[in-house]
Amino acid sequence: EAAVTQSPRSKVAVTGGKVTLSCHQTNNHDYMYWYRQDTGHGLRLIHYSYVADSTEKGDIPDGYKASRPSQENFSLILELASLSQTAVYFCASSERGNNQAPLFGEGTRLSVL
Amino acid sequence: GDSVTQTEGLVTLTEGLPVMLNCTYQSTYSPFLFWYVQHLNEAPKLLLKSFTDNKRPEHQGFHATLHKSSSSFHLQKSSAQLSDSALYYCALSDPSGSWQLIFGSGTQLTVMP
């Protein structure tokens with residue numbers, strides 16, 4: 001069964017600390033995405049990748065880095081976490097093509113204090 | 001750039017009444033349109049996506065018709081159920097090559113008994 005698994009499911013971080021969110025997919029999809037969810041803003045794209053060892057900036061990349069070491073794994077890194085990065089983060093994967101609907105993971109709830 | 005507008009942030013209605021959630025879009029191209037549904041503390045899941053021909057997608061009693069003349073893809077259901085209470089996102093695919101989805105801000109649907 002197609003799956004996107006995120007870890008951790010929730011995390012509390014301190015301001016200025018480093019946070020790494022991980023995502024693993026078993027779908028053999030080329031594309032992987034990191035979205036941020038905030039009330040009133042919907043889902044906004046942070047970074048995406050279409051091949052291992054390469055990442056691209058999305059619409060709101062500032063303050064975030066991404067890493068795609070393999071086709072299955074895609075990480076989101078907050079080098080210096082800030083209060084404004086408190087949000088729910090979703091990873092997704094999809095096949096190539098603009099009629100392909102991404103499959104989402106269960107999300108990671110991040111609180112930066 | 002491309003964008004999706006969902007004008008209603010909150011919709012509350014009584015069980016058994018019809019549902020219509022609005023979605024309009026702006027795009028230079030002819031994008032694919034999607035509806036996702038997200039129940040509380042769950043991942044967004046694909047509900048519907050548009051077809052290239054004039055077929056009307058349907059799923060779980062919901063349907064949506066792509067009207068290119070008015071750039072709309074409204075979501076409809078003839079009779080709301082309590083279990084339909086959820087957050088609904090309209091999205092379009094970015095045909096520029098990233099194939100990312102551009103999401104609207106979402107509509108929270110609450111169905112009352």
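Residues numbered from 1 in each chain as written. Chains lettered and ligands numbered in written order. Predicted model: local features only at pLDDT ≥ 70, side-chain atom pairs only at ≥ 80, totals over all residues. Heavy atoms only, no water.

Chemist: Lay out the nonpolar core in plain terms, naming residues and giving numbers.
Modeler: Residue and element names in this part refer to chain B. One finds Trp-35, Leu-47, Leu-75 and Tyr-88 to be the most contacted residues of the largest nonpolar core, which totals 24 residues. Elements with a minimum of two residues in this core: strand E2 (10-14), strand E3 (19-21), strand E5 (33-38), strand E6 (45-49), strand E8 (62-64), strand E10 (86-93) and strand E12 (107-112). Among the elements that make up this core, the one with the highest residue count is E10 (four residues). Ignoring sequence-local partners within four residues, the contact set of Leu-75 consists of Val-19, Met-20, Leu-21, Trp-35, Leu-47, Leu-48, Phe-62, His-63, Ala-64 and Tyr-88. (Core = buried A, V, L, I, M, F, W, Y, C linked by side-chain atoms within 4.5 Å. Buried < 20%, exposed > 50% of the residue type's maximum accessible area, 1.4 Å probe, protein only. Helix = DSSP H or I, 4+ residues; strand = E, 2+ residues; numbered from the N terminus. Contact = heavy atoms within 4.5 Å.)

Chemist: Tell me about the side chain of A:Ser75, and name the residues and values.
Modeler: Mapped onto the elements of the fold, A:Ser75 is located in strand E8 (residues 73-78). What A:Ser75 contacts, discounting residues up to four positions off in sequence, is A:Thr20, A:Leu21, A:Ser22, A:Trp34, A:Lys65, A:Ala66 and A:Ser67.

Chemist: Quick one: what's the story with the environment of A:Thr39, residue by residue and with numbers?
Modeler: Inspection of the secondary structure puts A:Thr39 in the loop between strand E4 (31-38) and strand E5 (42-51). Spatially, the C-alpha atom of A:Thr39 lies 9.8 Å from that of A:Val88, the residues being 49 residues apart in sequence.

Chemist: I'd like a rundown of the pattern of salt bridges, residues and numbers included.
Modeler: On inspection of all chains with the given rule, the structure shows six salt bridges over all chains. With a closest N to O distance of 3.1 Å, A:Asp30 and A:Arg96 form a salt bridge. Taken as a pair, A:Asp30 in the loop between strand E3 (19-25) and E4 and A:Arg96 in the loop between strand E9 (87-94) and strand E10 (103-104) lie far apart in primary sequence, 66 residues in all. The closest approach of N and O atoms between B:Lys45 and B:Glu42, which form a salt bridge, is 3.7 Å. Here B:Lys45 falls in the partly exposed class, since its relative accessible area comes to 42%. Looking at B:Glu42, the relative accessible area reads 32%, which means it is partly exposed. Taken together, the shared-partner salt bridges in this structure form one network comprising A:Arg36, A:Asp38 and A:Arg44. (Salt bridge = Lys/Arg side-chain N within 4 Å of Asp/Glu carboxyl O.)

Chemist: Go over the sheet that holds E8(A) with me, naming the residues and quoting the values.
Modeler: Residue and element names in this part refer to chain A. Taken together, four strands build an open sheet; the order of strands is E1-E3-E8-E7 and the sheet is antiparallel. Edge strands, defined here as strands with exactly one partner in the open sheet, are strand E1 (4-7) and strand E7 (65-67). Looking at each pair of strands side by side, their axes are set apart by 20° on average, direction ignored. Summarising the sheet, E7 and E8 pair through three bridges and their orientation is antiparallel. Residue pairing across strands places Lys-65 opposite Ile-77, the latter belonging to E8. (Pairing = 2+ DSSP bridges. Axes fitted to C-alpha atoms, helices over the stretch in contact; angles between N-to-C directions.)

Chemist: Account for the confidence of the model for chain B, with residues named and values stated.
Modeler: For chain B, per-residue confidence averages 90 on the pLDDT scale, and 94% of positions sit at 70 or higher. Confidence, expressed as mean pLDDT per element, reaches its minimum in chain B at strand E7 (residues 58-59) of chain B with 78 and its maximum at E12(B) with 97. (pLDDT = per-residue confidence, 0-100.)

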